[in-house]
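Descriptive analysis of the structure
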Protein chains: 2
Amino acid sequence: MTMTKKIIVETSARHIHLSDADLETLFGKGYQLTNKKNLSQPGQFACEEKVTVVGAKGEQKMSVLGPTRKATQVELSLTDARALGLQAAIRESGDIEGTAGCKLVGPAGEVEISCGVIAAKRHIHMTPADAVEFGVTDKQIVKVEIETEGRSLIFGDVVCRVSENYATAMHIDTDESNAAGCGREVYGTIIK
Amino acid sequence: MTMTKKIIVETSARHIHLSDADLETLFGKGYQLTNKKNLSQPGQFACEEKVTVVGAKGEQKMSVLGPTRKATQVELSLTDARALGLQAAIRESGDIEGTAGCKLVGPAGEVEISCGVIAAKRHIHMTPADAVEFGVTDKQIVKVEIETEGRSLIFGDVVCRVSENYATAMHIDTDESNAAGCGREVYGTIIK
């Protein structure tokens, strides 16, 4: 009997990545992020710090994820974006050129970012060993089927990202998670 | 050449249906709903009236849909439910037995409903003629594929509901619409 190996599906809630410069503007000179909880991806962590994201129609406090990055980036769901009055392009993390910006407010100051507001393109982080086992390669687009009580679906346009620095997991946003009726721990099947 | 007929996919935002009794409690004795805009389903209309839905974690004004029904029902997305601190079962409209309740506040009074908070099970309203053309029957479960830029997906667990009183259209909620990156006008393909 052949068992199809399944992949864990994790839901990413709205969050912010900050550049060193924006961290200092928002929280003060020399400020360092406080690791609250390590995330499944090696080296990534949720921080105690929160930043207020301001849009045309509203504002929302969002958690900062560490460590700092080259560029500040706000990742939210399209539901969040609509509520806040922000435009969010569907992009892979880091691919922010030409996206919309917004205002960020921290305890020590404000920043107006000119771009960086995105809804994350659904993706799978994968180790090279798991990529071999699943039979996929870096940047390959696959489908992933999730079976739940009453809201089963098959996600298309899922990009595989393969690196020694990753732990194998699929990431979707809260709209996608709720559309599939995902509970706490969900596994999907890769379809090529 | 065979062309596959596609079905229009409409997004239902959060809304409330009221019973006659609850309408009177919330808006006053003898109150009548005000038709603001006819909906695609014959006889259904969006109303000027709004009701505040109160959960453990927050509250949200929602539009009332008319006409009044046998039982009051709150239809929201799982994202909404989480933000408000409400439990929402995935149910077909009208199938509210054993679901959670909430508090409703109107200009003339309040109601505590003991059940009726649901996230709508994705479904297709269909005329008998279109059901023949699509080759489906009442209560049949199908899949519907939606192709969009970067967020294509295939919805499973879609229930077909066939009646002379319907206009043919698929209904999904805002989480599902955003998960698929649906824009203003989207069409899906039924897969059996």
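Here the structure is a predicted model, which is why all the values come from computation and not from measurement.

Bring the parts together and some accessible area is lost; that lost area is often taken as the interface size. Residues and elements named next belong to chain A. Assigned domains within chain A: domain 1 (6-10 + 122-191) and domain 2 (14-120). A separation of 24 Å is found between the C-alpha centroids of domain 1 and domain 2. Each partner contributes to the interface: domain 1 provides 13 residues, whereas domain 2 provides ten residues. Carbon and sulfur atoms make up 40% of the area that domain 1 and domain 2 hide from each other, which totals about 880 Å². Sorting the residues of domain 1 by area buried against domain 2 places Arg 161, Asp 173 and Asp 175 first, and these three jointly supply 39% of that buried surface. For the interface between domain 1 and domain 2, the tally reads one salt bridge. Where Glu 92 meets Arg 161, a salt bridge forms, and the shortest distance between an N and an O atom there is 3.7 Å. Summed over the shared surface of domain 1 and domain 2, the number is five residue pairs in polar contact (both at pLDDT 80 or more). Looking at the side of domain 1 that touches domain 2, the element that brings in the most residues is strand β14 (residues 169-173), giving three residues. Of the residues contributing to the side of domain 1 that touches domain 2, the split by class is four nonpolar, four polar and five charged.

Taken together, the contacts link 24 residues of chain A with 24 residues of chain B. Between chain A and chain B, roughly 1,900 Å² of surface is buried when both sides are summed, and carbon and sulfur atoms account for 49% of that area. Of all residues in chain A, the largest losses of buried area upon contact with chain B belong to Arg 151, Ile 154 and Asn 178 of chain A, amounting jointly to 28% of the total for that side. Put simply, chain A and chain B have four salt bridges between them. A salt bridge links Arg 151 of chain A to Asp 173 of chain B, with the nearest nitrogen and oxygen atoms 3.0 Å apart. Viewed at the interface, chain B and chain A are joined by 19 residue pairs in polar contact (both at pLDDT 80 or more). Counting only elements with at least two residues in the side of chain A that touches chain B, the list comes to α2 (78-84), β10 (117-120), β13 (153-162) and α4 (174-179) of chain A.

Okay, the environment of Asn 38 of chain B next. Residue placement: Asn 38 of chain B occurs in strand β3 (residues 35-38). If near-sequence neighbours (up to four positions away) are discounted, Asn 38 of chain B is found in contact with Gln 44 and Phe 45 of chain B.

Cis geometry is found at the peptide bond from Gly 66 of chain A to Pro 67 of chain A, where omega equals 0°. If you trace the backbone, Pro 67 of chain A turns up in strand β5 (residues 59-69). Phi at Lys 139 of chain A takes a positive value of approximately 75°, unusual for a residue other than glycine. Topologically, Lys 139 of chain A is positioned in the loop between α3 (128-134) and β12 (141-146). Residue Lys 139 of chain A is classed as exposed on the basis of its relative accessible area of 62%. Residues other than glycine seldom take positive phi values, yet Asp 157 of chain B does so here, at roughly 55°. Its relative accessible area of 21% is what places Asp 157 of chain B among the partly exposed residues.

A few words now on a positive patch on the surface. Residues and elements named next belong to chain A. A grouping of Lys 36, Lys 37, Lys 50 and Lys 61 is seen on the molecular surface, where their side chains present a positively charged patch. Counting through the fold element by element, Lys 61 comes out in strand β5. On the accessibility criterion, Lys 61 (57% relative accessible area) is exposed.

Let us now look at the packing of aromatic side chains. All names here are of chain A. Evaluation of the coordinates by the stated rule reveals two aromatic pairs over all chains. Measuring from centroid to centroid gives 5.0 Å for Phe 27 and Tyr 31, while their planes differ by 25°, and the two rings are stacked. The buried category is assigned to Phe 27, whose relative accessible area is 12%.

How each quantity is defined
Residues numbered from 1 in each chain as written. Chains lettered and ligands numbered in written order. Predicted model: local features only at pLDDT ≥ 70, side-chain atom pairs only at ≥ 80, totals over all residues. Heavy atoms only, no water. Domains from an automatic or database assignment. Contact = heavy atoms within 4.5 Å. Buried area = accessible area lost by both parts, 1.4 Å probe. Salt bridge = Lys/Arg side-chain N within 4 Å of Asp/Glu carboxyl O. Polar contact = N/O pair within 3.5 Å; in protein donor to acceptor, adjacent residues only side chain to side chain. Helix = DSSP H or I, 4+ residues; strand = E, 2+ residues; numbered from the N terminus. Nonpolar A, V, L, I, M, F, W, Y, C, P; charged D, E, K, R; others polar. Buried < 20%, exposed > 50% of the residue type's maximum accessible area, 1.4 Å probe, protein only. Patch = residues over 30% accessible without salt bridge, like charges linked within 9 Å, V, L, I, M, F, W, Y side chains within 5 Å. Areas by Shrake-Rupley, 256 points an atom, 1.4 Å probe, with all protein chains shown as cover. Lys, Arg positive; Asp, Glu negative; His and termini not counted. Charge placed at Lys NZ, Arg CZ, Asp CG, Glu CD. Phe/Tyr/Trp six-rings, centres within 6.5 Å; stacked < 30°, edge-to-face > 60°.

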